[in-house]
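What follows is each chain in one-letter form.
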Amino acid sequence: EVRVAENSSLAGANVLNTEMCRGLGVIVLALRTKDGEIYFNPGPDQRVSAGDFLIAVGDSHKLKRLESLAGV
């Protein structure tokens, strides 16, 4: 689970249009919004906002890169 920071390049992006799905090699299983809503298997139009949490799986090095993109 990775929190998206205010200054993250992921904030405001669509899930499937972000680097995490294009080239990073992690799978986003769910998106938990800052309001507590959970979207399992988020679709291509699901927008990521600052304060949201991405629930992802993948190689530990790739997940570290996701954390970096998210502003952790």
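An account of the accompanying structure is given in this report.

Cut-off values and rules
Residues numbered from 1 in each chain as written. Predicted model: local features only at pLDDT ≥ 70, side-chain atom pairs only at ≥ 80, totals over all residues. Heavy atoms only, no water. Salt bridge = Lys/Arg side-chain N within 4 Å of Asp/Glu carboxyl O. Helix = DSSP H or I, 4+ residues; strand = E, 2+ residues; numbered from the N terminus. Pairing = 2+ DSSP bridges. Core = buried A, V, L, I, M, F, W, Y, C linked by side-chain atoms within 4.5 Å. Buried < 20%, exposed > 50% of the residue type's maximum accessible area, 1.4 Å probe, protein only. Polar contact = N/O pair within 3.5 Å; in protein donor to acceptor, adjacent residues only side chain to side chain.

## Quick look at the pattern of salt bridges
In step 1: Here the structure, examined in full by the defined rule, presents 2 salt bridges.
In step 2: Ionic pairing is found between Glu1 and Arg32, a salt bridge with its closest N-O pair at 3.0 Å. Taken together, the positions of Glu1 in the segment before β1 (2-3) and Arg32 in strand β2 (residues 27-32) put the pair 31 residues apart, joining distant regions of the chain.
In step 3: With a closest N to O distance of 3.7 Å, Lys64 and Glu67 form a salt bridge. Of this pair, Lys64 and Glu67 both sit in helix α2 (residues 60-70), 3 residues apart, which is roughly one turn of that helix.

## A look at the pairing of strand β4 (residues 53-57)
In step 1: Here β1 runs beside β4; their pairing, made up of 2 bridges, is antiparallel. Within β4, the position partnered with Val2 by the bridge is Leu54.
In step 2: Pairing between β2 and β4: 5 bridges, direction antiparallel. Directly across from Ile27, in β4, lies its bridge partner Val57.

## Re the sheet that holds β1
In step 1: Strand order across the open sheet formed by 4 strands is β1-β4-β2-β3, with antiparallel pairing between neighbours. The outermost strands of the open sheet, each flanked by one partner alone, are β1 and β3 (38-40).

## What to know about the nonpolar core
In step 1: Counting 14 residues, the largest nonpolar core has Val4, Leu10, Leu24, Val48, Leu54 and Leu66 as the members making the most contacts within it.
In step 2: For this core, the secondary-structure elements that each account for two or more residues are β2, β4 and α2.

## Comments concerning the side chain of Ser8
In step 1: When you line up the elements, Ser8 lands in the loop between β1 and α1 (19-22).
In step 2: Accessibility expressed as a relative area gives 8% for Ser8, which makes it buried.
In step 3: Engagement of the side chain of Ser8 in a polar contact is seen with the backbone nitrogen of Leu10, the distance being 2.9 Å.

By themselves, these are just geometric observations and shouldn't be taken as functional.
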